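Each chain, written out:
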Amino acid sequence: MFDFGLAANGVAIGLAVAAPIGPVNLIVIRRTLRYGQLNGFLSGGGAAIGDAIFAAIAAFGITAAMDFVIRIETLLQIAGGCFLLFLGLRTWFAKPHFSEAPAEVHTGAMAAVFATTFVLTITNPATMLGFIAIFGGVAGLAGAGDDYAHAATVVIAVMAGSALWWAGLSGFVSLFRHRMNDDLLRIVNKVSGVLIAIFGAVVLARVVVRFLF
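Owing to the predicted nature of the structure, the values given are computational and were not obtained by experimental measurement. (Residues numbered from 1 in each chain as written. Predicted model: local features only at pLDDT ≥ 70, side-chain atom pairs only at ≥ 80, totals over all residues. Heavy atoms only, no water.)

### Details of the overall build of the protein chain
Selection rule: Helix and strand definitions here come from DSSP, where helices need a minimum of 4 consecutive H or I residues and strands a minimum of 2 consecutive E residues; each element is numbered from the N-terminal end. Exposure is judged per residue with a 1.4 Å probe applied to protein chains only, and the accessible area is read against the type maximum: over 50% gives exposed, under 20% gives buried, and values in between give partly exposed. Residues count as neighbours in contact if any of their non-hydrogen atoms are within 4.5 Å of one another. Only the protein chains shown count as cover for residues, and the accessible areas themselves come from Shrake-Rupley with a 1.4 Å probe.
Within the protein chain, the regular secondary structure consists of 10 helices and 0 strands. Moving toward the C terminus, one meets the helices and strands of the protein chain in the order α-α-α-α-α-α-α-α-α-α. Looking at the protein chain as a whole, 40% of its 213 residues qualify as buried. Relative to all contacts within the protein chain whose residues are 6 or more apart in sequence, the contacts with residues 24 or more apart total 90%. Put simply, the protein chain shows about 10,900 Å² of open surface, and 73% of that area lies on carbon and sulfur atoms.

### Things to note about the environment of Ala157
With respect to the element layout, Ala157 can be found in helix 9 (residues 148–174). In sequence terms Ala157 and Gly14 are 143 residues apart; their C-alpha atoms lie 7.3 Å from each other. For Ala157, the contacting residues outside a window of four places in its chain are Ala7, Gly10 and Val11.

### Concerning the packing of helix 2 (residues 23–35) against helix 7 (residues 107–122)
Geometry of a packed helix pair, given as the angle between the helix axes and the separation of the axes. How we decide: Axes, fitted as lines to C-alpha atoms, cover a helix only where it is in contact. Angles between the N-to-C directions of the axes lie from 0 to 180 degrees. Angle categories are assigned with fixed cut-offs, so that under 35 degrees is roughly parallel, over 145 is roughly antiparallel, 65 to 115 is roughly perpendicular, and the rest are oblique. Each crossing is labelled by how the near helix is turned from the far one, with a counterclockwise turn of less than a right angle marking it left-handed and a clockwise turn marking it right-handed. Charged means Asp, Glu, Lys or Arg here, nonpolar means Ala, Val, Leu, Ile, Met, Phe, Trp, Tyr, Cys or Pro, and polar covers whatever is left, Gly included.
One way to put it is that helix 2 packs onto helix 7 with a least axis distance of 9 Å and a crossing angle of 160 degrees. The angle between helix 2 and helix 7 falls in the class roughly antiparallel. Note that helix 2 runs across helix 7; the crossing there is left-handed. Here Pro23, Val24, Ile27 and Arg31 of helix 2 lie close against helix 7, whose contacting residues are Met110, Val113, Thr116, Thr117, Leu120 and Thr121. Of the residues contributing to the contact of helix 2 with helix 7, the split by class is 6 nonpolar, 3 polar and 1 charged.

### Let's talk about the packing of aromatic side chains
The cut-off we apply is this: A pair of aromatic rings is counted whenever rings of Phe, Tyr or Trp (Trp by its six-membered ring) have centres within 6.5 Å, and the orientation is called stacked for planes under 30 degrees apart, edge-to-face for over 60 and tilted otherwise. Any Lys NZ or Arg CZ found within 6 Å of a ring centre and within 35 degrees of that ring's normal is scored as a charge over the ring.
The tally for this structure, following the rule as stated, stands at 1 aromatic pair. Relative to Phe176, the ring of Phe172 has its centre 5.2 Å away and its plane inclined at 70 degrees; by these criteria the two rings are edge-to-face. Seen from the ring of Trp92, Lys190 lies directly overhead, with NZ or CZ sitting 4.3 Å from the centre.

### Side note on the layout of surface pockets
Any empty space left between the atoms is revealed when a probe the size of a water molecule rolls over them. Here is the rule: Whether a set of points on the 1 Å grid over the protein atoms alone is a cavity depends on a 1.4 Å probe fitting there but being unable to get out, while an open set qualifies as a pocket with protein on both sides within 12 Å along at least five of seven lines; lining residues are those with an atom within 4 Å of a point. Grid points are joined across faces, edges and corners, and a volume is the space filled by probe spheres set on the points.
Put simply, the largest pocket is a space of about 700 Å³. Along its surface, the largest pocket is lined by 28 residues, and Gly22, Pro23, Leu120, Asn124 and Thr127 are the ones closest to its centre. When residues of the lining of the largest pocket are traced back to their parent elements, those giving at least two are helix 1 (4–18), helix 2, helix 4 (45–59), helix 6 (73–93), helix 7, helix 8 (125–137) and helix 10 (182–212). The biggest single contributor to the lining of the largest pocket is helix 6, with 5 residues.

### Notes on the nonpolar core
Generally speaking, soluble globular proteins have nonpolar side chains that are buried together. For the record, the criterion: Working definition of a nonpolar core: buried Ala, Val, Leu, Ile, Met, Phe, Trp, Tyr and Cys residues. They are joined through side-chain atoms within 4.5 Å.
Core analysis: the biggest nonpolar cluster contains 20 residues, and Val24, Ile27, Leu120, Trp166 and Ile196 have the highest contact counts within it. Among the elements of the structure, helix 2, helix 4, helix 6, helix 7, helix 9 and helix 10 are those that each provide at least two residues to this core. With 5 residues, helix 2 is the largest single contributor of residues to this core. By size, the runner-up hydrophobic cluster in this structure holds 19 residues, among which are Val69, Leu76, Ala151 and Val155.

In structure tokens, the structure reads:
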């Protein structure tokens, strides 16, 4: 029998994990303003898949995967921090042009941004550790791994919750798209580039501090 309470918990977790403002949110906002709501929503798809993978690890209690991620946590943080710095610089130096008509969703471009948001999510070990903590603390989730159907329900619900956030964010941001022009879009790009680079610098700084102290 389908457990609606369990599914609701999963959706809530997906929303809670996706909502905090970070690099992926900035990417979705920027692409929505430039290309339209659908493109912005699809840009968050990689993050939703990454969240689902971490949810699966936590829900199914895949100890080997947890141990592996924890062992390479520092390497993942270095890779993620460097990737964020690169992405921030690329965003800063980009010269976007705004079009009132929503751009077509080109397969190659969407695959690239989908991969970008997926990498940004999957290289953040804190996300997986957060899932483990949430699953251990929320009633009904701790034992989900003992029942494959319940675990699968949670994973699908988490992905749905994450996707719901990206749909809501891109929909909200698209309301302001009619006010955009090339000058405003360049400002959005500059601000996004700086913030993304700062996120990367903070990640790398934490690694350095850990090694020094």
